[in-house]
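Observations on the three-dimensional arrangement
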Amino acid sequence: MAGVNKVILLGNLGKDPVVRTIESGNKVANFSLATNRIFKGQDGNPVEETEWHNIVLWGRLAEIAEKYLNKGSKVYIEGRIRSRQYDDKEGIKRYITEIVGETMNMLGSRTDTNEHGQKSEPESTSMGETPIVEDDLPF
């Protein structure tokens, strides 16, 4: 039986996406995503815990992130966990765990303005799906 590597995140960008084009001409976007959890502490008061995730988007999703996302944007990401290692500038071996996004939906009501000053809605943000807004969420 094959294993399952599936991640679902709903959070806010911690910084603007950094988008670059690699040698093949394909785009890759990297950004941090904050997810929050609120629970009752031992004293009964609410405690908020923030977890930061490194997100990687490729191809069309990277292009959409570059065009529409910025620090604070709320997004829904589905993807998989990937751990890898690399050597930093000093030759020290580093390890990183990141989420490779395969589906992304922008949440909220952010719109952009085109060259004529008219507002336009973002285009589809995942493989053929249309963006959803917070009112469409079942919870």
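Residues numbered from 1 in each chain as written. Predicted model: local features only at pLDDT ≥ 70, side-chain atom pairs only at ≥ 80, totals over all residues. Heavy atoms only, no water.

**Here we look at the overall build of the protein**
- From N to C terminus, the protein includes 1 helix and 8 strands.
- Listing every helix and strand of the protein by position from the N terminus yields β-β-β-β-α-β-β-β-β.
- Relative to its full complement of 139 residues, the protein shows a buried share of 32%.
- A total of about 9,500 Å² of accessible surface is found on the protein, and carbon and sulfur atoms cover 48% of it. (Helix = DSSP H or I, 4+ residues; strand = E, 2+ residues; numbered from the N terminus. Buried < 20%, exposed > 50% of the residue type's maximum accessible area, 1.4 Å probe, protein only. Areas by Shrake-Rupley, 256 points an atom, 1.4 Å probe, with all protein chains shown as cover.)

**A word on the environment of arginine 80**
- Relative to the assigned elements, arginine 80 resides in strand β5 (residues 74-87).
- Separated by 75 residues in sequence, arginine 80 and asparagine 5 place their C-alpha atoms 5.4 Å apart.
- Ignoring sequence-local partners within four residues, the contact set of arginine 80 consists of Asn5, Val7, Glu98, Ile99, Val100 and Glu102.
- A polar contact is formed between the side chain of arginine 80 and the side chain of glutamate 102, at a distance of 3.2 Å. (Contact = heavy atoms within 4.5 Å. Polar contact = N/O pair within 3.5 Å; in protein donor to acceptor, adjacent residues only side chain to side chain.)

**A short note on the pairing of β5**
- Taken together, the 6 bridges between strand β1 (residues 7-13) and β5 define a ladder with antiparallel strand orientation. Bridged to glycine 11 within β5 is valine 75.
- Between β5 and the antiparallel strand that follows it, strand β6 (residues 93-107), lie 5 residues; glycine 91 among them carries a positive phi value of about 85°. (Pairing = 2+ DSSP bridges.)

**Here's the deal with the nonpolar core**
- Core analysis: the largest hydrophobic core is formed by 19 residues, its most contacted members being Ile55, Leu57, Leu69 and Ile77.
- For this core, the secondary structure elements donating two or more residues are β1, β3 (27-40), β4 (46-58), α1 (59-68), β5 and β6.
- Among the elements that line this core, the one with the most residues is α1, at 5 residues. (Core = buried A, V, L, I, M, F, W, Y, C linked by side-chain atoms within 4.5 Å.)

**Comments concerning the side chain of histidine 53**
- Inspection of the secondary structure assignment puts histidine 53 in strand β4.
- Within the structure, the side chain of histidine 53 is placed 2.9 Å from the side chain of threonine 35, a separation counted as a polar contact.
- Excluding anything up to four places from it in sequence, histidine 53 contacts Leu9, Phe31, Ser32, Leu33, Thr35 and Ile99.

**Quick notes on the confidence of the model for the protein**
- Scored by pLDDT, the protein has a mean of 84; 78% of the residues are at 70 or more.
- Considering only residues more than four positions removed or in separate chains, one finds that residues 112-139, a stretch of pLDDT under 50, has 51 contacts. (pLDDT = per-residue confidence, 0-100.)

**Digging into the pattern of salt bridges**
- In the structure shown here, the tally under the stated rule is 9 salt bridges.
- With a shortest N-O distance of 2.9 Å, glutamate 78 and lysine 6 are connected by a salt bridge. Of the two residues, glutamate 78 is situated in strand β5 and lysine 6 in the segment before β1; the sequence distance between them amounts to 72 residues.
- Among the residues examined, lysine 6 registers a relative accessible area of 48% and is labelled partly exposed.
- Here glutamate 98 and arginine 82 are joined by a salt bridge, their closest N and O atoms 2.5 Å apart. Of this pair, glutamate 98 sits in strand β6 while arginine 82 sits in strand β5, and the two are 16 residues apart along the sequence.
- A network of salt bridges, in which partner residues are shared, links Arg82, Arg84 and Glu98. (Salt bridge = Lys/Arg side-chain N within 4 Å of Asp/Glu carboxyl O.)

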